Amino acid sequence: VVSTQMINLERLKDKCLKNGVDVHYHYHHGAEPTGTCAALISGSNRSLVANLAAANCFPVTFFSDPKAWELVTSADYYYIGGYFLTVSPDSIQKIAQYSATVGKTCAMNLSAKYICQVFHEQLTAALPYINLLFGNDDEAFALAEALKWDCTDLHAIVKNIGSYQKKFEGNRLVVITQGPNDVIVLKNGEMTFYPVKPVKREDMVDTNGAGDAFVGGFLSQFIQQKPTKQCVECAVWAAQLTISCSGCSLPDDCEYV
């Protein structure tokens, strides 16, 4: 969502298009400006403060536009960040239910502990339609606590997430990161652990976006139907590349081989 009050409104869209992102914004005509976020980096730690503003005003009626809905029906894969649960859960339900009905892949990221703690009702309403779920260990523990699962073992929690109510054909793929420790993948009921290449502390510049980069790297291989091991390796590569850079200043040459 972007506000129509935004200066250089089209410049933002042009920048995205030049970087291969085909954006279709909802243009907000209300008083709220385009959302902003401030990041404070201290060593390998970070703090974020967001003003969602217009981002809080995304309406499910956006999909009433035939052109917008055509974008949905023409896609084979959908990815929804967990933060969107705070904004328009109805929009999530619309996309996720459609995906399950037609047998496509709908992925979601737990995104943050507080999403699992405060918005667990919205999350669990969407989860039955989600056949690919990403998260980290802290978020998995938070979800288990919110759902009152009598379980503190991470491996058991991952299995519970995988077997949670499903309204789609097949099994749910669950991918859980543990920082520098193994990535846990639950696929077809079987759990596999993928090691993470160590990163020197002096090479960690900015951890902002590492989780998003991990998901992007994974999905880039997943949609090509590559083996799970390659999906995880690309995900780790993308995350580690991101934390070696400040902000979004990625190198020009960052092609995964």
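J.: Let's hear about the overall build of the protein chain: which residues, and what values?
T.: Looking only at helices and strands, the protein chain has nine helices and ten strands in total. Expressed as lengths along the three principal axes of its C-alpha atoms, the size of the protein chain is roughly 50 × 45 × 35 Å. Within the protein chain, the fraction of its 257 residues that count as buried is 40%. Considering only contacts in the protein chain between residues 6 or more positions apart, those separated by 24 or more positions represent 61%. Counting every atom, the protein chain has about 14500 Å² of accessible surface; 51% of that belongs to carbon and sulfur. Distance from the positive charge centre (20 side chains) to the negative charge centre (26 side chains) of the protein chain: 2 Å.

J.: Can you lay out the pairing of strand β7 (residues 132-136) for me, pointing to particular residues and giving the numbers?
T.: Burial analysis of β7 places four of its five residues in the buried class, which makes it a mostly covered element. Across three bridges, strand β6 (residues 105-109) lies against β7 in parallel orientation. Bridged to Asn109 within β7 is Phe134. Relative to strand β8 (residues 173-178), β7 runs parallel, the two being bridged by five bridges. Its bridge partner being in β8, Gly135 is matched across the sheet by Ile176.

J.: Could you give an account of the packing of aromatic side chains, with specific residues and numbers?
T.: Counted under the stated rule, the structure contains 14 aromatic pairs. Aromatic side chains Phe58 and Phe62 sit 5.2 Å apart centroid to centroid with 50 degrees between the ring planes, which places their arrangement in the tilted category. With respect to burial, Phe58 and Phe62 carry one shared label: buried. Here Tyr83 and Tyr114 contribute two aromatic rings whose centre-to-centre distance is 6.3 Å and whose plane-to-plane angle is 40 degrees, an arrangement assigned as tilted. Of this pair, Tyr83 sits in the loop between β5 (77-81) and α3 (89-102) while Tyr114 sits in helix α4 (residues 113-118), placing them 31 residues apart in sequence. Linked through ring pairs, Phe58, Phe62, Phe63, Trp69, Tyr78, Phe84 and Tyr98 together constitute an aromatic cluster. Its guanidinium or amino end placed over the ring of Trp69, Lys94 lies 5.0 Å from that ring's centre, counting from NZ or CZ.

J.: Talk me through the environment of Asn109; I want residue IDs and the actual numbers.
T.: Structurally, the position occupied by Asn109 is in strand β6. Between the C-alpha atom of Asn109 and that of His155, which follows or precedes it by 46 residues, the distance is 18 Å. Once residues lying within four places of it in the same chain are set aside, the contact partners of Asn109 are Tyr79, Ile80, Gly81, Gly82, Phe134, Gly135, Glu139, Gly211, Asp212 and Val215. Here Tyr79 takes part through its side chain, which lies 3.2 Å from a polar atom of the side chain of Asn109.

J.: Could you give an account of a nonpolar patch on the surface, with specific residues and numbers?
T.: A cluster of nonpolar side chains, contributed by Tyr83, Tyr114 and Val118, occupies part of the molecular surface with about 320 Å² of accessible area. Under the relative-accessibility criterion, Tyr114 is labelled partly exposed at 39%.

J.: Mind laying out the nonpolar core, listing which residues take part and the relevant values?
T.: Residues Met108 and Ile161 are the most contacted members of the largest nonpolar core, which totals 43 residues. The element contributing the most residues to this core is α3, with five residues. Excluding its chain neighbours within four sequence positions, the residues that come into contact with Met108 are Tyr79, Ile80, Leu85, Ile92, Leu123, Ala126, Ile130, Leu132, Leu133 and Phe134. Listed in part, the 18 residues of the second largest apolar core include Phe134, Phe214, Ala235 and Ala239.

J.: Summarise the pairing of strand β9 (residues 181-187); cite the residues concerned and give the values.
T.: Of the pairings in the sheet, the one linking β8 to β9 comprises four bridges and is antiparallel in character. Its bridge partner lying in β9, Val175 is registered against Val185. Here β8 folds back onto β9, and the loop between the two strands holds two residues, one of which, Gly179, carries a positive phi near 60 degrees. Here β9 runs beside strand β10 (residues 190-194); their pairing, made up of five bridges, is antiparallel. Its bridge partner lying in β10, Val183 is registered against Tyr194. Here β9 folds back onto β10, and the loop between the two strands holds two residues, one of which, Asn188, carries a positive phi near 55 degrees.

J.: Explain the pattern of salt bridges to me, using residue names and the numbers behind them.
T.: Summed over all chains, the structure comprises one salt bridge. Where Lys229 meets Glu233, a salt bridge forms, and the shortest distance between an N and an O atom there is 2.4 Å. Note that Lys229 and Glu233 are positioned in helix α9 (residues 228-243) at a spacing of four residues, about one turn of the helix. In this structure Glu233 comes out as partly exposed when scored by relative accessible area, which is 37%.

What counts and what doesn't
Residues numbered from 1 in each chain as written. Predicted model: local features only at pLDDT ≥ 70, side-chain atom pairs only at ≥ 80, totals over all residues. Heavy atoms only, no water. Helix = DSSP H or I, 4+ residues; strand = E, 2+ residues; numbered from the N terminus. Buried < 20%, exposed > 50% of the residue type's maximum accessible area, 1.4 Å probe, protein only. Contact = heavy atoms within 4.5 Å. Areas by Shrake-Rupley, 256 points an atom, 1.4 Å probe, with all protein chains shown as cover. Lys, Arg positive; Asp, Glu negative; His and termini not counted. Charge placed at Lys NZ, Arg CZ, Asp CG, Glu CD. Pairing = 2+ DSSP bridges. Phe/Tyr/Trp six-rings, centres within 6.5 Å; stacked < 30°, edge-to-face > 60°. Lys NZ or Arg CZ within 6 Å of the ring centre and 35° of its normal. Polar contact = N/O pair within 3.5 Å; in protein donor to acceptor, adjacent residues only side chain to side chain. Patch = residues over 30% accessible without salt bridge, like charges linked within 9 Å, V, L, I, M, F, W, Y side chains within 5 Å. Salt bridge = Lys/Arg side-chain N within 4 Å of Asp/Glu carboxyl O. Core = buried A, V, L, I, M, F, W, Y, C linked by side-chain atoms within 4.5 Å.

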